[in-house]
Amino acid sequence: MDFILKHQSFLIGNYASPALEIVRGQGSYLWDSQGKKYLDFTSGIAVTNLGHSHPEWIKQVQSQAEVLAHCSNLYSIPEQVRLAERLVGKIGPGKILFCNSGAEANEALIKLSRLHGDQGETKRTKILVAKNGFHGRTLGALSATESSKYRNGFEPLLPGFVFCKLNELSDFENAIDDETVAILVESIQGEGGLHVASDSFLQGIEKLCQKNNLLFLMDEVQAGIARTGEFLGFQKSGVKPDAIAMAKGLGGGFPIGAIWVEDSRTTLFTPGSHGTTFGGSPLACSAAHAVLDVIEKEDLTARAKHLGNFLLQEIQQLAEKFPQQILEVRGRGLMLGIQLTDEPSELVSILRENGLLAVGAAGQTLRLLPPLTISQDEIEEALNILRLSLSALEQKKIVP
Ligand SMILES: Cc1ncc(COP(=O)(O)O)c(C=O)c1O
C-alpha cells in the first residue's frame, strides 16, 4: 500500500505500522482514503466522546479561532477561568491547573505529591500505584506504570513507585511506610484490560490516605468525561480524592489536560512552581466548553450508562454463544472490555475488514470505546459485525 511506504519514509516508527489511512470522520463513523466507511468503536482511544465533527464542537472551536487562539498563561483567559469553574462545579470544591495531555496531568499529580511530602521533618516521596495500570509515557508517568512493555529501554526511571494489586486493599496497606506520600489509581484500567476498581476498594483507599496523611490521587484520563455513566469514573464509589488527572475526552479531539485539586491542597503549587506554554489556551478551552455543553444538553452521562448496560448485556449473550473465544466481559458504561482466549489482534483485523474499529488492551482484551453520542441502531450494527466476526474467527480456527 502506497500510504504505508510513505508513512514509514517520513515518520519515526514508534507506533505499529498503520492498517488504514483515515481521512474523514462524521458522527460515529470514519472513512479511509479508499472511501471505505467504518463504525468507530475506538473514539481515538476515548477522546472523541461527542463523535466526529459534532456541529456544536465545530461551531465553538471555529468562532474561538476567529477571536483568539493563544495568548499564554502570562494573562488571565476568561474561557479558562469559566472552564475551571464548570469543572469545579462537576467535581467539588477545589481548583484547576490546565495542561495538554494525560501524561502531563499525571506529571502534575506526581509533582503535587512531591510538594505534599516536603512539609514535615522528613521528605516523603513514595507513591503506591496499581499493578497493570497505565499513566502515560513521560518519564514520571512511565515510572508509575508497571508494564515492561512500556518501560523497556527507558530505565532507570524515577524511583519510589510501589506496585500493588488493584482491588487488594491489604496489599496497599502493607506497602505504606514512613516515606509514602500518595496513592494513585485509575477507576477503570483502560490500557491494562478494563479492570474496574471496586467501590469498596476505592473507599478503603480513601480511608488509608486519610489515616496516613497520603494524597489520594485518581487518574481519570481514560475513564473520565462521562464515559462510564458518571462525569468521572470514581464518582460512583462516593469517594473524595485529593487530586484528579483528566485529559482525552475533555477536549473531544483538541488536546487539553487538567488536574483538579481539592481546596485545602491548592496552595501547594506557588507562582513559578509549575507551568506549560499551551495549557488551557483559549482554543483548547473552547473545545472543552463545547464538550461540556453537549454532555449537558444531550445528557450523555445517562446515555453512556443506559447504552453501556445494553451493550454489556448483549456482549454477555455473545460470550455464551462463543465460549471458545470469550472468557469475560468487563467495564462500565461505554468503556467495555471483552477478555478473549487469544490475543485480540486477529479479531481486531477481522472486525476492521467488516467495518468496525476496536482496539486491543492488555491481558488479551478487546476494548470497545464508542462515542457517547452513539445511537441504538449503531450499537446494533456493531453487535452484528461482532457476531459475524466471531463466527468468522471460529471458522478460521476450525479450518486453519
Ligand atoms: C489512564 C491513563 N492515564 C494517562 C494516559 C496518558 O495520556 P496521554 O496519552 O494523553 O499522555 C492514558 C493514555 O492512554 C491513560 O489511559
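Nothing here was measured: the structure is a model prediction, and the numbers come from that model.

Moving on: the overall build of the protein chain. Across its full length, the protein chain holds 13 helices and 17 strands. The C-alpha atoms of the protein chain give 21 Å as radius of gyration, which agrees with the globular expectation for 400 residues (21 Å, within 12%). Within the protein chain, buried positions represent 55% of all 400 residues. Partitioning the contacts of the protein chain with sequence separation of at least 6, the portion at a separation of at least 24 is 72%. On the protein chain, roughly 18000 Å² of surface is accessible, and the fraction owed to carbon and sulfur atoms is 52%.

Moving on: the sheet that holds strand 13 (residues 326-332). Spatially, the four strands line up as an open sheet ordered 13-14-17-16, and their pairing is antiparallel. Sheet topology places strand 13 and strand 16 (359-361) at the edges, where each strand pairs with a single neighbour. Strand-to-strand twist in this sheet, taken as the mean axis angle between neighbours without regard to direction, amounts to 30 degrees. Pairing of strand 13 with strand 14 (residues 335-340) involves six bridges; the strand directions are antiparallel. Counterpart to isoleucine 326 in the pairing with strand 14 is leucine 340. Sitting on the sheet, helix 11 (residues 300-321) touches strand 13, strand 14 and strand 17 (365-368), and the angle it makes with strand 13 is about 175 degrees.

Looking only at helix 12 (residues 345-353), the buried set comprises Leu347, Val348, Ile350 and Leu351. All buried residues of helix 12 fall inside an arc of 165 degrees around its axis, so they share one side. Summarising the geometry of helix 12, the exposed residues directed more than 90 degrees from the buried face are Ser345 and Glu353. Structurally, helix 12 contributes buried residues whose contacts are with strand 14, strand 15 (356-357), strand 16, strand 17 and helix 13 (376-398). Glycine 355 lies just past helix 12 and shows a positive phi near 95 degrees.

Quick look at the nonpolar core now. Across soluble globular proteins, nonpolar side chains have a tendency to be buried as a group. Core analysis: the largest hydrophobic core is formed by 86 residues, its most contacted members being Phe172, Ile315 and Leu366. Counting residues per element, this core draws most heavily on helix 10 (residues 282-297), which supplies ten residues. Leu112, Leu215, Ala247 and Ile259 belong to the second-largest nonpolar core, a separate cluster that totals 23 residues.

All right, on to the site of the ligand then. The ligand sits among 13 residues. The nearest are Gly102, Ala103, Asp219, Gln222 and Lys248. Between aspartate 219 and the ligand, the recorded distance is 2.7 Å, taken from a side-chain N or O atom to a nitrogen atom. For the ligand, whose free accessible area comes to 390 Å², the fraction covered by protein is 81%. At three residues, helix 5 (residues 102-117) tops the list of elements feeding residues into the shell around the ligand. Partitioned by chemical class, the residues of the shell around the ligand number three nonpolar, six polar and four charged.

Our next topic: helix 11. With 22 residues, helix 11 should cover 32 Å at 1.5 Å per step; its first-to-last C-alpha distance of 31 Å lies within 8% of that length. Along helix 11, the positions that sit buried rather than exposed are Leu300, Thr301, Ala304, Leu307, Gly308, Phe310, Leu311, Leu312, Ile315, Leu318 and Ala319. Looking at the buried residues of helix 11, the elements they touch are helix 10, strand 13, strand 14, strand 17 and helix 13.

Before going further, it helps to examine the packing of helix 11 against helix 13. At a minimum axis distance of 11 Å, the contact between helix 11 and helix 13 shows a crossing angle of 20 degrees. Between helix 11 and helix 13, the angle is such that the two are roughly parallel. Our pair here, helix 11 against helix 13, has a crossing hand that is right-handed. Mapping the contact onto sequence places Leu307, Phe310, Leu311, Glu314, Ile315, Leu318 and Lys321 in helix 11 and Gln376, Ile379, Glu380, Leu383, Leu386, Arg387 and Leu390 in helix 13. Here the residues of the contact of helix 11 with helix 13 are counted per class, giving nine nonpolar, one polar and four charged.

Time to look at the environment of proline 156. Locating proline 156 in the fold gives a position in the loop between helix 7 (148-151) and strand 6 (161-164). Since its relative accessible area comes to 77%, proline 156 is described here as exposed. Residues proline 156 and asparagine 167, spaced eleven residues apart in sequence, show a C-alpha to C-alpha distance of 28 Å.

Moving on, we get to the packing of aromatic side chains. Overall, the coordinates contain three aromatic pairs when judged by the stated rule. For the cation-ring pair, arginine 24 lies above tryptophan 31, with the distance from its terminal atom to the ring centre recorded as 4.0 Å. If you follow lysine 37 out to its NZ or CZ, it ends over the ring of tyrosine 29, 4.2 Å from the centre.

Moving on to the pattern of salt bridges. When the charged atoms of two side chains with opposite charge come close together, those side chains can pair. A complete count under the given rule lists 16 salt bridges for this structure. Two residues, glutamate 56 and lysine 59, come together in a salt bridge whose shortest N-O distance is 3.8 Å. Residue glutamate 56 and its partner lysine 59 are both found in helix 3 (residues 55-67); the two are separated by three residues, about one turn of the helix. Assessed through its relative accessible area of 16%, glutamate 56 is described here as buried. The shortest N-O distance in the salt bridge between glutamate 191 and arginine 367 comes to 2.8 Å. Of this pair, glutamate 191 sits in the loop between strand 8 (188-189) and strand 9 (195-196) while arginine 367 sits in strand 17, and the two are 176 residues apart along the sequence. Overall, the relative accessible area of 1% leaves arginine 367 in the buried class. Residues joined in a network through salt bridges with shared partners are Arg86, Lys90, Asp293 and Glu296.

Conventions we followed
Here the residue numbers are simple positions, counted from 1 along each chain's written sequence. For a predicted model such as this one, the threshold for reporting local features is a pLDDT of at least 70, and the threshold for listing and counting side-chain atom pairs is 80 or more; totals across whole chains, interfaces and linings nevertheless cover every residue. Neither water nor hydrogens contribute to the side-chain values; these are computed over all heavy atoms in the structure. Helix and strand definitions follow DSSP, with helices as H or I runs of at least four residues and strands as E runs of at least two, each counted in order from the N terminus. Within these notes, the globule rule equals 2.2 Å times the number of residues to the 0.38 power, and the radius of gyration is based on C-alpha atoms. When a residue's accessible area, from a 1.4 Å probe over protein chains only, is under 20% of the maximum for its type it is buried; when over 50% it is exposed; and in between it is partly exposed. The contact criterion used is simple: two residues touch if any of their non-hydrogen atoms lie within 4.5 Å. Here the accessible surface of atoms and residues is derived via Shrake-Rupley with a 1.4 Å probe, and residues count as covered only by protein chains that are part of the display. Between any two strands, pairing holds if DSSP finds at least two bridges. Under this scheme, a helix contributes an axis fitted over its contacting stretch, all axes are lines through C-alpha atoms, and angles between N-to-C directions fall in the 0 to 180 degree range. Directions from the helix axis toward the C-beta atoms define the arc. Take the buried Ala, Val, Leu, Ile, Met, Phe, Trp, Tyr and Cys residues and link them wherever side-chain atoms come within 4.5 Å; each set so joined is a nonpolar core. Any residue with a heavy atom lying within 4 Å of a molecule or strand is counted as near it. Between N or O atoms, a polar contact is any pair within 3.5 Å; within protein, one atom must be a potential hydrogen donor and the other a potential acceptor, and residues adjacent in sequence are included only when both atoms are from side chains. As a working rule, the residues Ala, Val, Leu, Ile, Met, Phe, Trp, Tyr, Cys and Pro are called nonpolar, Asp, Glu, Lys and Arg charged, and the rest polar, with Gly in that last group. Here, expected helix span is obtained from the residue count minus one, scaled by 1.5 Å. Orientation categories follow fixed angle ranges, with anything under 35 degrees roughly parallel, anything over 145 roughly antiparallel, 65 to 115 roughly perpendicular, and all other angles oblique. It is the rotation of the near helix from the far one that decides the hand of a crossing: anticlockwise by less than a right angle makes it left-handed, clockwise makes it right-handed. Pairs were defined over the aromatic rings of Phe, Tyr and Trp, the Trp ring being its six-membered one, requiring ring centres within 6.5 Å. Orientation was assigned from the angle between planes: stacked under 30 degrees, edge-to-face over 60, tilted for the rest. In our convention, an over-ring charge means Lys NZ or Arg CZ found within 6 Å of a ring centre and within 35 degrees of that ring's normal. Definition used for salt bridges: Asp or Glu carboxyl oxygen within 4 Å of a side-chain nitrogen of Lys or Arg.

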